[in-house]
Amino acid sequence: MTLSPARVPATGVRRLTRTLYGYAFLDDFVLLYPVYALLFADTGMSLWQISSLFALWSITGVVLEVPSGAWADAVSRRRLLWIGPLLTAAGFALWVAVPSYGAFAVGFILWGAGGAVGSGALEALVYDELDRLGAAERYARTMGRARAARLLGTVASIGLAGPVFAQGGYAAVGAASFLACVLTAVTATRFPEHRLRADDAAGDTWATTLRTGLAEIRGDRSVRGALLLVPAVAAVWGALDEYTPLLVRDVGVAEATVPYLIMLIWAGVTLGSLLAGPAERLGTSGLAMLLAGAALALAVGAASRSLAGIALVSLAFAGFQLAEVLADVRLQHRIHESRRATLTSVANLGTELATVATFGVYALLGTDLAHGTVFAVLALPYLVTALALARGRAATARP
């Protein structure tokens, strides 16, 4: 039986999206997430040592982010997507097999390297495959659902970590996390890839690819603007997410209630991911209004220190998550296929650096101000970004 021309793209899109959603879910289905800090403490690590491990993790990602993106444009992206989870799996195995500061440090380096290897490669592979199938307009909806799948993976891992830990301790949650990483790698082998460079036939080194990508940033104003928008949207709320338990506790609820309110915030983030497809029609002015509205919701909600305020924070995070997906879409539409992973990694590097800076600002402001006040203050950068988008749109519209 011969498939019709319309049937072939539909079948290809289904294969790609099913693989992507399974990959995204498994990649964040890590039962060690809620307990690895406890593992470090129970092994005898001091707070300083634990903090140094987190710093090593971040530094690894920052150092490898852009080179790994350039590598993904020079070799098979699918190959990197299955190598990354295996590196992470090796790190988790070390943690459980020989728990010690050295093993934890090596594990974090492997985890950071695994994340960096896949960063940029995934977005580039998905966009190019959709484009090949004539379905590039589905990118926003597809990546929004993929982010929702990641959130579901995180929620499921947190829900299962308790009973698994109760039955088998750190060894059990470590084994489950190792298995999830291996399954993620296996799922990655199912990704389709039809690039000419997929078998390294093009001959360009990753350094050449990197230089070409950076030249495109310098030479194309629209690419540069789209690239800068990604960290401008993603960094601040991504950092604030780490402080939401402290914000929620300041409302005055019981400790046992905090996780449920955190789940409410995550529900908003999931909703934002799922709205990405329809919201792609917003355009520049609509994106500016979305950011301004989310910033106001964040400021009012956080400053109110009430349950209704937490609901507003959830709504704000939904807007920021949606805007982050749309910013990625704008970038992908503007960059060339041969440099897609490189420039996506440059944008991700900007997000990492801006996130670290936000942590520093939060620590500085939080010394004297309440968490709700700090959240409200850190909503201001989004108003600035919204104003910049609106002014840029107005300038473009002038004859």
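Check the entry above for the structure.
Residues numbered from 1 in each chain as written. Predicted model: local features only at pLDDT ≥ 70, side-chain atom pairs only at ≥ 80, totals over all residues. Heavy atoms only, no water.

**Comments concerning the nonpolar core**
Within soluble globular proteins, side chains that are nonpolar tend to cluster in buried spots. If you look at the biggest cluster of nonpolar residues, it comprises 86 residues, and the most contacted ones within it are Phe-191, Leu-298, Phe-317, Phe-320 and Phe-375. Per-element tally for this core: the top contributor is helix α14 (residues 307-334), with 12 residues. Non-local contacts of Phe-191, meaning those with residues more than four positions away in its chain, are made with Arg-15, Leu-16, Thr-19, Leu-20, Tyr-23, Arg-78, Leu-81, Leu-122 and Leu-125. Phe-29, Leu-31, Phe-92 and Ala-180 belong to the second-largest nonpolar core, a separate cluster that totals 23 residues. (Core = buried A, V, L, I, M, F, W, Y, C linked by side-chain atoms within 4.5 Å. Buried < 20%, exposed > 50% of the residue type's maximum accessible area, 1.4 Å probe, protein only. Helix = DSSP H or I, 4+ residues; strand = E, 2+ residues; numbered from the N terminus. Contact = heavy atoms within 4.5 Å.)

**Section: the environment of Tyr-23**
Note that Tyr-23 resides in helix α1 (residues 7-27). You can call Tyr-23 buried: its relative accessible area is 4%. With 162 residues separating them along the chain, Tyr-23 and Ala-185 place their C-alpha atoms 8.1 Å apart. Residues contacting Tyr-23, with those up to four places away along its chain left out, are Leu-81, Pro-85, Leu-122, Arg-150, Thr-184, Thr-187, Ala-188 and Phe-191. A polar contact is formed between the side chain of Tyr-23 and the backbone oxygen of Leu-81, at a distance of 3.1 Å. (Polar contact = N/O pair within 3.5 Å; in protein donor to acceptor, adjacent residues only side chain to side chain.)

**Details of the pattern of salt bridges**
Across all of its chains, the model carries five salt bridges by this definition. Two residues, Arg-77 and Asp-128, come together in a salt bridge whose shortest N-O distance is 2.6 Å. Linking Arg-77 in helix α4 (residues 77-97) with Asp-128 in helix α6 (residues 121-132), this pair joins segments that are 51 residues apart in sequence. As far as burial versus exposure is concerned, Arg-77 and Asp-128 are alike and both buried. A salt bridge links Glu-129 to Arg-132; the shortest N-O distance between them is 3.3 Å. Here Glu-129 and its partner Arg-132 are both found in helix α6, three residues apart, which amounts to about one turn of the helix. (Salt bridge = Lys/Arg side-chain N within 4 Å of Asp/Glu carboxyl O.)

**Here's the deal with the packing of α6 against helix α7 (residues 139-188)**
Contact geometry for α6 and α7: axes closest at 10 Å, N-to-C directions at 140°. What the angle tells us is that α6 and α7 run oblique. Pair α6 / α7 crosses with right-handed handedness. The segment α6 lies against α7, with Leu-122, Glu-123, Val-126, Tyr-127 and Leu-130 engaging Tyr-139, Thr-142, Met-143 and Arg-150. Here the residues of the contact of α6 with α7 are counted per class, giving six nonpolar, one polar and two charged. (Axes fitted to C-alpha atoms, helices over the stretch in contact; angles between N-to-C directions. Parallel < 35°, antiparallel > 145°, perpendicular 65-115°, else oblique. Left-handed = near helix turned anticlockwise from the far one by under 90°. Nonpolar A, V, L, I, M, F, W, Y, C, P; charged D, E, K, R; others polar.)

That's the geometry; what it means functionally is another story.
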